[in-house]
Each structure stands twice: as C-alpha cells, then as structure tokens.
Amino acid sequence: GAVVSQHPSWVICKSGTSVKIECRSLDFQATTMFWYRQFPKQSLMLMATSNEGSKATYEQGVEKDKFLINHASLTLSTLTVTSAHPEDSSFYICSASLFNYGYTFGSGTRLTVV
Amino acid sequence: AQTVTQSQPEMSVQEAETVTLSCTYDTSESDYYLFWYKQPPSRQMILVIRQEAYKQQNATENRFSVNFQKAAKSFSLKISDSQLGDAAMYFCAYTDSDAGGTSYGKLTFGQGTILTVHP
C-alpha cells in the first residue's frame, strides 16, 4: 500500500518550453505532497510543499514562477517547469507522508532540457 | 534549523560482512522521527528503517538495525550479512513534525553515503 505513481519517468524538452510532471497517490489520500530535486550522487533538495486546495510553500531560493505546483485533489499533485532551460535539467521526485508509515516516494522524473 | 550530517561520502563492504553507516543530527526538539532510506541505481527511494525519538529501543528490520543515541544525537545504521543488492546510496533523514497525527512534515536529508558491496 501507500504507492505514489509519478509520470513521466523521463522527458526531453526544448529550451523555452514547459513540462508537467504528475504524481498520483494510488491507494491513499495525500493531503501533503513534497517535491524534491536531485543532482547525480547528491542529496534530495526540497523545493516545495504542496497542500491540497491551497498554495504551495516554496523553499528559499526556489523560483515560484518557474516551478509551478498544483495540488488540486487529494490524489494528484503536479509540478510544471515553465520556460525550461538546460540548467533545469535534473531528477525530480515527489513524496507523500503517512503517519505511522513514513514517506512514500514517486519513482522520479529525469528532465533533460536541450 | 535542523541539520543532518553523514560524514562518510563512500563506504565499501565485502559480501556477508557487516558495515555501519554514520549519521548525526542537530535539533532542539525532544520529539522527532528519524529514517534511513536506500536509493539504488534505479533511483527509487526505499524506506529501510524508522525510529521514533521517544522510543528508547533501537529499531530493527531483518538485517538492518540502528544505534540510536538521543543524547549524542547520533543515528547509525548497521547492515549485517551484506548482500550485493544492498549496494546503493543511503540517506539519513529527520522530521520533527506531524501534521495533526495524519502525516509527517517536511523531511531533512543528510548528504548521503554511497555503499559498494564487493563479492
């Protein structure tokens, strides 16, 4: 149980275009979803926390207008990278938490901007 | 702000041997939760073990056990009888909040330790 499905697993886009990444909680309701960015062989960096029905809370230094997060329902949260540039190329991971269980993570999305 | 430190960027172990990964954290909270996560080459994050700070007993999951020293703010992971499938990047993580008893708050990760298992 407690599965988060993340799509796409990888995406290549042209510089200047936007890309949407979806995370769905399949067998539970995720009131809170976390979005991370990870560079190779480095730790996960929290970008933002999204709560269902309200605005996301962004970590310091994360551009709100570039990384749009929407959590419109208890089972779906999306991250849109707007006007993507090569420096946005990275591995993006979503996560939800369940009390007495821990955190469950999506399988990640490898974004390459060319 | 809470911080988590993993001082071993890389570790290696022979198959069937035991290895210990170190983790220290800094917090002023008395109640919190600690985790070890494994990230294999697939990059899927996998929960290895979880420890509640109010529990004095060290958590154990099969070949994985922790040494939780609350006063020293230390939370090391011991992997016994290491297997080739244990090769991965391991992250120590901390959270001190629970959102009204339904979920946890944001997680703070350590830098990670890359574990290599030699046959």
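Residues numbered from 1 in each chain as written. Chains lettered and ligands numbered in written order. Predicted model: local features only at pLDDT ≥ 70, side-chain atom pairs only at ≥ 80, totals over all residues. Heavy atoms only, no water.

## Let's talk about the pairing of strand 5 (residues 44-51) of chain A
Residue and element names in this part refer to chain A. When you tally the buried positions in strand 5, you get 6 out of 8 residues, the bulk of the element. Counted along the chain from strand 4 (residues 32-38) to the antiparallel partner strand 5, the turn is 5 residues long, and its residue lysine 41 has a positive phi close to 60°. By the bridge criterion, 2 bridges tie strand 5 to strand 6 (residues 57-58) in an arrangement that is antiparallel. Within strand 6, the position partnered with threonine 49 by the bridge is threonine 57. Between strand 5 and strand 6, which pair antiparallel one after the other, the connecting turn spans 5 residues, and glycine 53 there sits at a positive phi close to 80°. (Buried < 20%, exposed > 50% of the residue type's maximum accessible area, 1.4 Å probe, protein only. Helix = DSSP H or I, 4+ residues; strand = E, 2+ residues; numbered from the N terminus. Pairing = 2+ DSSP bridges.)

## Quick word on the packing of aromatic side chains
Within the structure shown, the criterion is met by 15 aromatic pairs over all chains. Taken together, the aromatic side chains of Phe34, Tyr36, Tyr103 and Phe105 of chain A together with Phe35, Tyr37, Phe91 and Phe109 of chain B make up a single cluster linked through ring pairs. Lying over the aromatic face of phenylalanine 91 of chain A, arginine 43 of chain B brings its terminal NZ or CZ to 4.0 Å of the ring centre. (Phe/Tyr/Trp six-rings, centres within 6.5 Å; stacked < 30°, edge-to-face > 60°. Lys NZ or Arg CZ within 6 Å of the ring centre and 35° of its normal.)

## A word on the nonpolar core
Within the largest apolar cluster, 26 residues are counted, with the highest numbers of intra-cluster contacts made by Trp35, Phe67 and Leu111 of chain A. Those elements giving two or more residues to this core turn out to be strand 2 (10-13), strand 3 (19-25), strand 4, strand 5, strand 7 (67-73), strand 8 (76-81), strand 9 (90-98) and strand 11 (109-113) of chain A. Counting residues in hydrophobic clusters, the runner-up holds 25 residues, among them Val4, Val13, Leu21 and Tyr90 of chain B. (Core = buried A, V, L, I, M, F, W, Y, C linked by side-chain atoms within 4.5 Å.)

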